[in-house]
Amino acid sequence: MRDLIRRIDQAAAANGAARVSGVRVWLGALSHLSADHLREHFVVEARGSIAEGARLVITESDDLADPDAQHLRLESLEMEV
C-alpha cells in the first residue's frame, strides 16, 4: 500500500497537482487483499498525503489466468491542479 501511495504522490507531483480526488485501481484475482481490506488500508496510508480523502474505485478481476492476477495496478488518477 505504501508503494501505491508513493506512486500516486509521484504522479501528482509530475503533473503539478495540488490534490488527488480520485484513484482507480485494478485488483488481481490472486491478490492477497480483498477490495474491502484494500479500501481500509488505503484510507490509513493516504492520511497526510496528497491522496487523503480521495475516492477509491476498485475493479476486481476474477481471471485466475491473468499474468497480473497477483498484483494491484494503478489505473488512473483524478487530480486537481
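Let me begin by describing the structure that accompanies this report. (Residues numbered from 1 in each chain as written. Predicted model: local features only at pLDDT ≥ 70, side-chain atom pairs only at ≥ 80, totals over all residues. Heavy atoms only, no water.)

## As for the pattern of salt bridges
It is possible for side chains bearing opposite charge to pair when their charged atoms get close. This is how it is decided: The working definition used for a salt bridge is a side-chain nitrogen of Lys or Arg within 4 Å of a carboxyl oxygen of Asp or Glu. By definition, any uninterrupted DSSP run of H or I lasting at least four residues is a helix, any uninterrupted run of E lasting at least two residues is a strand, and each is numbered from the N terminus. Partly exposed residues are those whose accessible area sits between 20% and 50% of the maximum for their type, while under 20% is buried and over 50% is exposed, using a 1.4 Å probe and protein chains only.
One pass over the full model with this rule turns up seven salt bridges. Its salt-bridge partner being arginine 7, residue aspartate 3 comes within 3.3 Å of it at the nearest N-O pair. Separated by four residues within a single helix, aspartate 3 and arginine 7 lie in helix α1 (residues 2-14), roughly one turn from each other. Residue classification places arginine 7 among the partly exposed positions, given a relative accessible area of 27%. A salt bridge links arginine 73 to glutamate 75; the nearest nitrogen and oxygen atoms lie 2.7 Å apart. By relative accessible area, glutamate 75 is classed as partly exposed at 42%. Sharing partners across several salt bridges, the network here consists of Asp3, Arg6 and Arg7.

## What to know about the pairing of strand β2 (residues 55-60)
The cut-off we apply is this: Following DSSP output, two strands are said to pair if at least two bridges run between them. Throughout, right-handed denotes a crossover for which the path from the first strand over the helix to the second runs clockwise when the strands point away from the viewer.
Sheet topology note: the strand β1 (residues 19-27)/β2 ladder contains six bridges and is parallel. Across the sheet, valine 25 pairs through a bridge with isoleucine 58, a residue of β2. Note on the crossover from β1 through helix α2 (residues 35-46) to β2: the handedness is right-handed.

## Quick look at the side chain of serine 49
Applicable threshold: Two residues qualify as a contact provided that any one of their heavy atoms is within 4.5 Å of a heavy atom in the partner residue.
On the secondary structure map, serine 49 appears in the loop between α2 and β2. Residue serine 49 is classed as buried on the basis of its relative accessible area of 17%. In this view, serine 49 contacts Ile5 and Asp9; residues no more than four positions away in its chain are not counted.

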